[in-house]
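Tertiary structure, described
Below are the chains, spelled out letter by letter.
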Amino acid sequence: MTLKQTALDQIHIDLGAVMTDFAGWNMPLRYGSETQEHLLVRTDCGLFDLSHMGEIWVEGEDAARFLDFALVGELSKVAIGRARYTMICNESGNVIDDLVVYRIEVNVFMVVANASNVQIVFSELSARNQGFACTVKDLSESTALIAVQGPSAVKVVSQVFPKTNFSELKNYGWCLSNQDELHVILARTGYTGEDGFEIFLDLKDAVGLWQKLIDFGAKPAGLACRDTLRLEAGMPLYGHELDLQTNPIEAGLGRVIAFGKSIDFIGKSALAQIAESSTKRNLVGITLETRRIARAGFNLINKDGEIVGQITSGAFSPTLNKSIAMAYLDRNFDAQLDTLSVDIRGTNELATLVPLPFYQRKK
Amino acid sequence: MSIPANLHYTADHEWMDTTTGVATVGITLFAADALGDVVYVKLPDLGSVVSAGMVCGELESTKSLSDLFAPASGEIVEINQAAIDDPALINKDPYGLGWLFKVSVTGTDKLLSASEYEAKIS
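What you see is a predicted model, and the numbers here were worked out from it, not measured in a lab.

1. Focus: the overall build of chain A
Helices and strands together make up the secondary structure of chain A, namely 8 helices and 20 strands. Overall size of chain A, expressed as C-alpha extent along the three principal axes, is 65 × 50 × 45 Å. Per-residue burial for chain A yields a buried fraction of 57% across its 363 residues. Averaging the coordinates of the 34 positive side-chain charges in chain A and doing the same for the 44 negative ones gives two points 5 Å apart.

Below is the structure:
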């Protein structure tokens, strides 16, 4: 199968990136050392091509009411110029995808979906769009997305868009920005645990913007470090912490469900039941004594040698300089009386439960 | 990519500096680049005896896990604790500070010259 290419494909190749197939897209995994790219985002400013992400637009006079019905959050309460993290669940309350929804106008929303789920989210939204006066359009293939992340992101981006008032552009806010012929949606969102921006723009403008951001000091960063950055920040990745066997409550994200909204939404009754009882397992953070990586699917073991959970994501954390992981742990595991280890290819490696996130930036 | 002319190579991307006496062993720059940043290295125990071609350790990076093969048979007489404590040395200096272990050589499988190894990876 031929991989899809982003508008920046040739730039990545010219930079000597190690490329990888990510959800059918040819994407840069790393340009040099992924550890250096990770630390660069924590200390300075990294530049990511995220054009593989999906942008689905919902427009029409019922757009807000439709999204209140189709998603677990209350999108009708999101102000124009703001964005919200939310999810689309099925009737069983399990997660089809996690999303960021931007309110563009009163009756216009942009729903950003994970690359691996664009088709299913688009199909699901289209199927749920019965009796609402709105349209659902997938504009993913004509939209480029460039993220600028790190403590120097404001300094870099403000030089490209000098007319934008950055003191009014708060976390999870967005604005339309323009400079010369360039028009973008400039959002203060991200997936690294740092301050930064996600910039949505037309495909034809992607190369020019990328080059400008490089000229002002941003440095390319690949998907390998994006994964370790989000893991340190305790953020879920669909296919790992979230999937069709997982509900938002056991993932520690029950706060995204708006039970009080006026419309009955898909998954409500199942989720209400889960919220009233207790979950069988919960997402936890662990650190390991060893430098070995506890990879997705490895078992958590108690002191009696019984399996008490599974790793969802693991990495060697460049910021903490230790092996970290997220995992689902059985609710009955008693951290006071028991000891936890991870079965890494036949060896039980001692693990310690720690609160999430592993890393939080100083504000 | 520089491939030191004085070293001997295996098809599994290890190098060794001599085929007689005590040989120093490491992985090639090509292998280190392909792995990405190494975060964990497991080496054979000091005093253990390895045989050429057998798995004698592992190298783990962000995205992958690779077996380490012994390029020669013999007793392990020294291991590089610095590389265990800071595996980044293997990426930074695979032919120098990032060496892995020393083996008292009793035999080898077929080894490649620098030019043969270069032809293999290009």
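Once you've had a look at it, read on.
2. Here we look at the environment of Trp 57 of chain A
Residues and elements named next belong to chain A. Here Trp 57 is to be found in strand E5 (residues 54-59). The spacing of Trp 57 and Asp 138 is 81 residues in sequence and 6.4 Å in space, taken between C-alpha atoms. Setting aside residues no more than four positions away along its own chain, Trp 57 makes contact with Ile 104, Val 108, Phe 109, Met 110, Thr 135, Val 136, Lys 137, Leu 139 and Ile 185.

3. Notes on the interface of chain B and chain A
Listed by partner, the interface residues are 17 residues for chain B and 16 residues for chain A. Summed over the shared surface of chain B and chain A, the number is 5 salt bridges. With a closest N to O distance of 3.2 Å, Glu 58 of chain B and Arg 292 of chain A form a salt bridge. At the junction of chain B with chain A, the criterion picks out 14 residue pairs in polar contact (both at pLDDT 80 or more). Every element with two or more residues in the side of chain B that touches chain A is listed here: helix H1 (29-35), strand E4 (38-42), strand E6 (55-61) and helix H2 (81-85) of chain B. A breakdown of the residues in the side of chain B that touches chain A according to their chemical character gives 7 nonpolar, 4 polar and 6 charged.

4. Regarding the sheet that holds strand E18 (residues 322-330) of chain A
Residues and elements named next belong to chain A. Read once around its circumference, the closed barrel built from 6 strands follows the order E15-E18-E17-E16-E19-E20, with strand pairing classed as antiparallel. With strand direction ignored, the average angle separating the axes of adjacent strands in the sheet is 45°. With 4 bridges connecting them, strand E15 (residues 281-288) and strand E20 (residues 347-354) associate as antiparallel partners. Directly across from Thr 287, in E20, lies its bridge partner Thr 352. Against the sheet, helix H7 (residues 223-232) makes contact with strand E17 (307-317) and E18, and its axis sits at roughly 120° relative to E17, the strand it touches most.

5. What about the domain arrangement of chain A?
Think of interface size as the accessible area that goes away when the parts come together; that is how it is often given. Residues and elements named next belong to chain A. Entries for chain A in the domain assignment read domain 1 (4-52 + 141-232) and domain 2 (280-354). Taken over C-alpha atoms, the centre of domain 1 sits 32 Å from the centre of domain 2. Between domain 1 and domain 2, the contact holds 8 residues from the first and 9 residues from the second. Our count for the domain 1 to domain 2 interface comes out at 0 salt bridges. Taken together, the connections running from domain 1 to domain 2 amount to 5 residue pairs in polar contact (both at pLDDT 80 or more). Broken down by class, the residue content of the side of domain 1 that touches domain 2 amounts to 2 nonpolar, 3 polar and 3 charged.

6. Comments concerning unusual backbone geometry
All names here are of chain A. The omega torsion across Leu 356 and Pro 357 is 0°, close enough to zero to call that bond cis. Structurally, Pro 357 can be placed in the segment after E20. Not every positive phi belongs to a glycine, and Asn 321 is a case in point at roughly 55°. By the element assignment, Asn 321 lies in the loop between E17 and E18. You will see that Arg 345, though not glycine, has its phi angle at about 45°, which is positive. Look at Arg 345 and you get partly exposed, because its relative accessible area is 34%.

7. A word on helix H5 (residues 153-160) of chain A
All names here are of chain A. Along H5, the residues classified as buried are Ala 153, Val 156, Val 157 and Val 160. Angular distribution of buried residues about the axis of H5 spans 90°; they occupy a single face of the element. Looking at the buried residues of H5, the elements they touch are strand E10 (143-149), strand E11 (174-179), strand E12 (182-187), strand E13 (196-202) and helix H6 (206-215).

8. Examining the sheet that holds E6 of chain B
All names here are of chain B. Spatially, the 3 strands line up as an open sheet ordered E4-E6-E7, and their pairing is antiparallel. Edge positions in the sheet fall to E4 and strand E7 (65-69), since each has one partner strand and no second. Within the sheet, the average angular offset between the axes of one strand and its neighbour, ignoring direction, is 25°. Bridge count for E6 against E7 is 5 bridges, and the pairing is antiparallel. Considered in E7, the bridge of Glu 60 is made with Leu 65.

9. Digging into the side chain of Glu 232 of chain A
Residues and elements named next belong to chain A. Mapped onto the fold, Glu 232 is located in helix H7. Of the polar contacts made by the side chain of Glu 232, one reaches the side chain of Thr 319; its length is 2.7 Å. Leave out the neighbours within four places in its chain, and Glu 232 touches His 38, Arg 42, Ser 317, Pro 318, Thr 319, Leu 320, Ile 324, Pro 357, Phe 358 and Tyr 359.

10. A word on the environment of Glu 141 of chain A
Residue and element names in this part refer to chain A. Tracing the backbone through its elements, the reader meets Glu 141 in the loop between strand E9 (135-138) and E10. Taking the relative accessible area as the measure of exposure, Glu 141 reaches 53% and is therefore exposed. Taking the C-alpha atoms as reference points, Glu 141 and Met 53, separated by 88 residues in sequence, lie 9.3 Å from one another. There is a polar contact of 3.3 Å between the side chain of Glu 141 and the side chain of Lys 4.

11. Observations regarding the nonpolar core
As a rule of thumb, nonpolar side chains are buried together in soluble globular proteins. Residues and elements named next belong to chain A. In this structure, Met 87 and Tyr 102 are the most contacted members of the largest nonpolar core, which totals 46 residues. Viewed by domain, this core spans two of them, domain 1 (4-52 + 141-232) and domain 2 (280-354), each represented by three or more residues. Once you skip the residues sitting within four places of it in the chain, Met 87 turns out to touch Leu 71, Val 72, Val 95, Asp 97, Asp 98, Leu 99, Leu 242, Pro 248, Leu 253 and Val 256.

12. A look at the packing of H5 of chain A against H6 of chain A
All names here are of chain A. At their nearest, the axes of H5 and H6 sit 9 Å apart, and the two run at 125° to each other. When the interaxial angle is binned, H5 and H6 end up oblique. Here the hand of the crossing between H5 and H6 comes out right-handed. Contacts from Val 156, Val 157 and Val 160 of H5 reach H6 at Leu 209, Lys 212 and Leu 213. Split into classes, the residues belonging to the contact of H5 with H6 amount to 5 nonpolar, no polar and 1 charged.

What counts and what doesn't
Residues numbered from 1 in each chain as written. Chains lettered and ligands numbered in written order. Predicted model: local features only at pLDDT ≥ 70, side-chain atom pairs only at ≥ 80, totals over all residues. Heavy atoms only, no water. Helix = DSSP H or I, 4+ residues; strand = E, 2+ residues; numbered from the N terminus. Buried < 20%, exposed > 50% of the residue type's maximum accessible area, 1.4 Å probe, protein only. Lys, Arg positive; Asp, Glu negative; His and termini not counted. Charge placed at Lys NZ, Arg CZ, Asp CG, Glu CD. Contact = heavy atoms within 4.5 Å. Salt bridge = Lys/Arg side-chain N within 4 Å of Asp/Glu carboxyl O. Polar contact = N/O pair within 3.5 Å; in protein donor to acceptor, adjacent residues only side chain to side chain. Nonpolar A, V, L, I, M, F, W, Y, C, P; charged D, E, K, R; others polar. Pairing = 2+ DSSP bridges. Axes fitted to C-alpha atoms, helices over the stretch in contact; angles between N-to-C directions. Domains from an automatic or database assignment. Arc of directions from axis to C-beta. Core = buried A, V, L, I, M, F, W, Y, C linked by side-chain atoms within 4.5 Å. Parallel < 35°, antiparallel > 145°, perpendicular 65-115°, else oblique. Left-handed = near helix turned anticlockwise from the far one by under 90°.

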